[in-house]
Amino acid sequence: MKYTQLGRTGLKVSRLVLGTMNFGPQTDEPTSHGILDTALDAGLNFVDTANVYGWGENKGRTEEIIGTWFAQGGGRREKTVLATKVYGSMSREGETWPNEDRLSALNIRRAVEASLKRLQTDHIDVYQFHHIDRLTPFEEIWQAVDVLIRQGKILYAGSSNFPGYKIAQANETAARRGMVGLVSEQCLYNLSERRAEMEVIPAAQEYGLGVIAWSPLHGGLLGGVIKKEAEGGRRASGRAAEALADSKTRAQLQAYEDLLDKHGLEPGEAALAWLLTRPGVTGPIVGPRTAGQLDSALRALELELSEEVLAGLDEIFPGPGPSPEAFAW
């Protein structure tokens, strides 16, 4: 396993982040525990979750599965850098009540306590804001975070799905309070979706945030979906199916798969390896449903993409270019 610092912090994390969103909805508890064990055995020490994972009537279920894994002992909690999130409503359908979502000081306090209970731990290493809150000022958010840090319930704060200007606003407000501020940003970033390169990633680099890329295979589109369909494998569904219906997107994906096939590379592994070459990226989040999918993700760590392949990928999936030149000149 390869490790890096999380942004400007002294915290060492693995270059792959284990995403757990499938734990519960698609992957049962024993299988989830097996994936966690395999990841830890491989040296993958960074585990990401959120209080709302489990979804619907099972919100919180994913954190519970991680909690029962920690409860098995064997150094599982001590070896894990644990990240979870707050923002989404934890109300059950038909039972909505004020202050059970967003980033008010009240909800942050309640959400931390509930996550700690489900996770069966006394602290969260990286507590992430799952979305911007247009109603709550950062002065209030940082006041709540400061209390939790002093209580030892969280160690660092991070963001997710923040635009560049909100990263700046958050950290400038934190600096005025003498606080560390955000140390990570979790954003949508992959070969097919590179808009983060224009503002989000430059802001993260400027303020010393580690970038954690979610949906690195863009909903399966970058995992060799055309070849899998041709071989009679699982057909694309949802967002991936809609994208494949667009002739331009399908031609782009075909060129991508042809390039990697020419060089003997597996698409999913190459897409992860590409992210590991990107400036500012701590690591992509991999969300395996099975142990086999985790094994494939781990192989990406050893994959060295040639200059020819990197140039070919840039030609097929050109980024937006630097800001402001990309849109101003």
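Relevant structure appears above.
Treat the numbers as computed from the prediction; the structure is a model and nothing was measured. (Residues numbered from 1 in each chain as written. Predicted model: local features only at pLDDT ≥ 70, side-chain atom pairs only at ≥ 80, totals over all residues. Heavy atoms only, no water.)

### Focus: the sheet that holds strand β10 (residues 281-286)
By definition, the strands of a sheet pair up through backbone hydrogen bonds, in either a parallel or an antiparallel sense. Ordered in space as β3-β4-β5-β6-β7-β8-β9-β10, the 8 strands form a closed barrel in which the pairing is parallel. Neighbour-to-neighbour, the strand axes of this sheet turn through a mean angle of 25°, independent of strand direction. Summarising the sheet, strand β5 (residues 81-86) and strand β6 (residues 124-129) pair through 4 bridges and their orientation is parallel. Paired with Ala83 across the bridge in β6 is Val126. On the sheet, helix α5 (residues 138-151) packs against β6, β7 (154-160) and β8 (182-188) and is oriented at approximately 150° with respect to β7. (Pairing = 2+ DSSP bridges. Helix = DSSP H or I, 4+ residues; strand = E, 2+ residues; numbered from the N terminus. Axes fitted to C-alpha atoms, helices over the stretch in contact; angles between N-to-C directions. Contact = heavy atoms within 4.5 Å.)

### Observations regarding the pairing of β7
Consecutive side chains of a regular strand alternate in pointing toward one face of the sheet and then the other. Within β7, 5 of the 7 residues are buried, leaving the element largely enclosed by the surrounding structure. As for the winding sense of the linkage, the β-α-β connection from β6 through α5 to β7 is right-handed. Once the chain exits β7 it traverses helix α6 (residues 164-176) before rejoining the sheet at β8, and the crossover so formed is right-handed. (Buried < 20%, exposed > 50% of the residue type's maximum accessible area, 1.4 Å probe, protein only. Right-handed = clockwise from strand over helix to strand, strands pointing away.)

### Examining empty space enclosed by the protein
Throughout the structure, instances matching the rule amount to 1 cavity of 30 Å³ or more. Estimated volume of the largest cavity: approximately 30 Å³. Lining of the largest cavity is provided by Leu103, Ile132, Asp133, Thr136, Phe138, Ile141 and Lys166. The class makeup of the residues in the lining of the largest cavity is 4 nonpolar, 1 polar and 2 charged. (1 Å grid on protein atoms, 1.4 Å probe; cavity = no way out; pocket = protein on both sides within 12 Å on 5 of 7 lines; lining within 4 Å. Points joined across faces, edges and corners; volume = space filled by probe spheres on them. Nonpolar A, V, L, I, M, F, W, Y, C, P; charged D, E, K, R; others polar.)

### Notes on the nonpolar core
By size, the foremost hydrophobic cluster in this structure holds 84 residues, and its most contacted members are Ile108, Phe129, Trp142, Tyr189, Tyr256, Leu305 and Leu313. When residues in this core are grouped by element, the largest group, 7 residues, is from helix α11 (residues 267-276). Setting aside anything within four residues of it in sequence, one finds Leu313 in contact with Leu191, Tyr256, Leu259, Leu260, Trp274 and Leu305. Membership of the second largest hydrophobic core comes to 11 residues, among which are Leu6, Val126, Val183 and Ile212. (Core = buried A, V, L, I, M, F, W, Y, C linked by side-chain atoms within 4.5 Å.)

### Notes on the environment of Trp55
Its place among the elements puts Trp55 in the loop between β4 (46-48) and α2 (61-70). With 30 residues separating them along the chain, Trp55 and Pro25 place their C-alpha atoms 7.7 Å apart. Apart from the residues lying within four places of it in its own chain, the contact partners of Trp55 are Met21 and Pro25.

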